[in-house]
Structures are given as structure tokens and as C-alpha cells.
Amino acid sequence: MFFVKELLASYGTDNQTTKLLNEKTLAIMPLANPDGYAYSWNSERLWRKNRAPTPVLWCQGVDLNRNFDVNFGGHGSSDFSCSEIYSGPNAFSENESHGIAKYLSSYRHQLLAYFSLHSYGQMWLTPLSYTRKKVSDRSHHVS
């Protein structure tokens with residue numbers, strides 16, 4: 001929310017911010033995992049998954065960051081539901097990831113960027129961050 005506050009405070013006084021907000025549409029989703037977030041405040045502070053039921057009754061939740069179709073079930077994820085990095089039974093099996101993908105795909109011809117702030121590990125995640133291999137058009141994205 002700091003980012004939103006800074007954008008709003010800078011609008012009209014900072015030329016770059018004002019131009020950005022006048023010319024682009026920003027969609028900000030401050031919370032993508034409400035049940036997991038509530039659980040992290042009330043029960044287990046470092047909880048990272050949602051609270052969906054899984055095949056193992058005493059192990060709840062899917063790691064929503066690993067529930068997308070890119071590299072689904074690959075390195076860095078687990079198919080064991082008790083794991084913190086359980087990716088779910090299939091890509092987009094969770095309402096949260098399915099909803100995000102559906103929303104973003106409706107803007108696929110206009111979308112310039114997508115950022116995910118991952119507070120569990122205080123990391124800045126980018127698409128394809130499951131590998132260290134640089135994408136072929138990397139220079140276009142970092143210029």
C-alpha cells in the first residue's frame with residue numbers, strides 16, 4: 001500500500017508520476033490470498049498458502065505462486081500437499097490464481113507489465129523467475 005500512497009501523493013506534483021497515471025491504467029490487487037493472510041495473523045505467522053482442503057486432511061493449502069501454468073509442477077514446487085511449496089492438483093486449480101489469470105488474460109493485448117510482491121520472503125517476483133536463464137528479449141525489458 002506504500003506504493004499506492006506514493007503514487008497518489010506524487011500525482012500533480014511529480015511530472016513522471018502524473019504522466020504515468022494520466023496515460024496508463026494501473027490495476028492494483030493489494031491482497032490475493034485473503035484466507036491465508038488471515039490465518040497468518042491468527043494462527044501461524046509464516047503461513048504462505050491459501051487454506052484450501054487437500055487430499056491429506058491435516059495439510060491445508062496451495063502455494064498460489066506455484067499454481068499458474070508456467071512451469072507448473074516443475075523445479076521449486078512440490079506435489080505433496082503438506083509441503084509449503086505445494087503447487088496444487090493442477091494449474092489454476094485455485095480460485096485465486098484462476099481469477100488473476102482470467103483478469104490478466106482479458107488485458108493480454110494491452111498489458112505492459114505484471115508485478116507480484118511476495119511478502120513471505122520479501123521478494124520481488126517476475127514472470128519466469130523459476131529459472132536463472134535469461135529470457136531472449138531481456139534487454140527490451142530492462143532498458
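Above this text you will find the structure in question.
Remember, it's a predicted structure, so these values are computed and weren't measured experimentally. (Residues numbered from 1 in each chain as written. Predicted model: local features only at pLDDT ≥ 70, side-chain atom pairs only at ≥ 80, totals over all residues. Heavy atoms only, no water.)

J.: Would you explain a nonpolar patch on the surface in this entry?
T.: On the surface, Phe3, Leu20, Leu26 and Ile28 cluster together into a nonpolar patch covering about 340 Å² of accessible area. Note on placement: Ile28 falls in the loop between helix H2 (15-23) and helix H3 (34-42). (Patch = residues over 30% accessible without salt bridge, like charges linked within 9 Å, V, L, I, M, F, W, Y side chains within 5 Å. Areas by Shrake-Rupley, 256 points an atom, 1.4 Å probe, with all protein chains shown as cover. Salt bridge = Lys/Arg side-chain N within 4 Å of Asp/Glu carboxyl O. Helix = DSSP H or I, 4+ residues; strand = E, 2+ residues; numbered from the N terminus.)

J.: In this structure, what is going on with the state of the cysteines? I would like to understand it.
T.: Covalent bonding between the sulfur atoms of two cysteines defines a disulfide. Under the criterion given, the structure shown has 1 disulfide. One disulfide in the model links Cys59 with Cys82; its S-S distance is 1.7 Å. Because the torsion about its S-S bond is 80°, the bridge between Cys59 and Cys82 counts as right-handed. Here the residue Cys59 occupies a position in the loop between H3 and helix H4 (95-105), and Cys82 occupies one in the loop between H3 and H4, the gap between them amounting to 23 residues. Of the residues examined, Cys59 reaches a relative accessible area of 9% and is grouped as buried. For Cys82, a relative accessible area of 28% gives the class partly exposed. (Disulfide = S-S within 2.5 Å. Buried < 20%, exposed > 50% of the residue type's maximum accessible area, 1.4 Å probe, protein only.)

J.: Looking at this structure, how should I read the packing of aromatic side chains?
T.: Two descriptors summarise a pair of aromatic rings, namely the distance from one centre to the other and the angle between the planes of the rings. In this structure the tally under the stated criterion is 4 aromatic pairs. When the ring of Tyr39 is compared with that of Trp47, the centres are 5.0 Å apart and the planes differ by 70°; the resulting orientation is edge-to-face. For Tyr39, a relative accessible area of 23% corresponds to the partly exposed category. If you follow Arg45 out to its NZ or CZ, it ends over the ring of Trp41, 4.7 Å from the centre. Over the aromatic face of Trp47 sits the side chain of Arg51, whose NZ or CZ is 4.8 Å from the ring centroid. (Phe/Tyr/Trp six-rings, centres within 6.5 Å; stacked < 30°, edge-to-face > 60°. Lys NZ or Arg CZ within 6 Å of the ring centre and 35° of its normal.)

J.: Even after reading the chapter, I still don't get H4, so can you show me in this structure?
T.: Spacing of three or four residues puts side chains on the same side of an α-helix, whose turn is 3.6 residues. Among the residues making up H4, those that are buried are Glu96, Ser97, Ile100 and Leu104. Here the buried residues of H4 occupy an arc of 95° about the axis, which is enough to place them on one side. Every exposed residue of H4 that faces more than 90 degrees away from the buried side is listed here: Asn95 and Lys102. For H4, the elements touching its buried residues are H3. (Arc of directions from axis to C-beta. Contact = heavy atoms within 4.5 Å.)

J.: Looking at this structure, I do not really get the environment of Gly61. What am I missing?
T.: Summarising the element assignment, Gly61 is placed in the loop between H3 and H4. Exposure remark for Gly61: the relative accessible area of 0% places this residue in the buried category. For the pair Gly61 and Gly88, spaced 27 residues apart in sequence, the C-alpha separation works out to 8.2 Å. Not counting the four nearest positions on each side in its chain, Gly61 is found in contact with Lys49, Asn50, Arg51, Ala52, Thr54, Ser81 and Tyr86.

J.: What's the story with the environment of Ala32 in this structure? I'm lost.
T.: Mapping Ala32 onto the fold places it in the loop between H2 and H3. Overall, the relative accessible area of 31% leaves Ala32 in the partly exposed class. Between the C-alpha atoms of Ala32 and Leu64, which are 32 residues apart in sequence, the distance is 8.7 Å. Non-local contacts of Ala32, meaning those with residues more than four positions away in its chain, are made with Leu64, Glu96 and Ile100.

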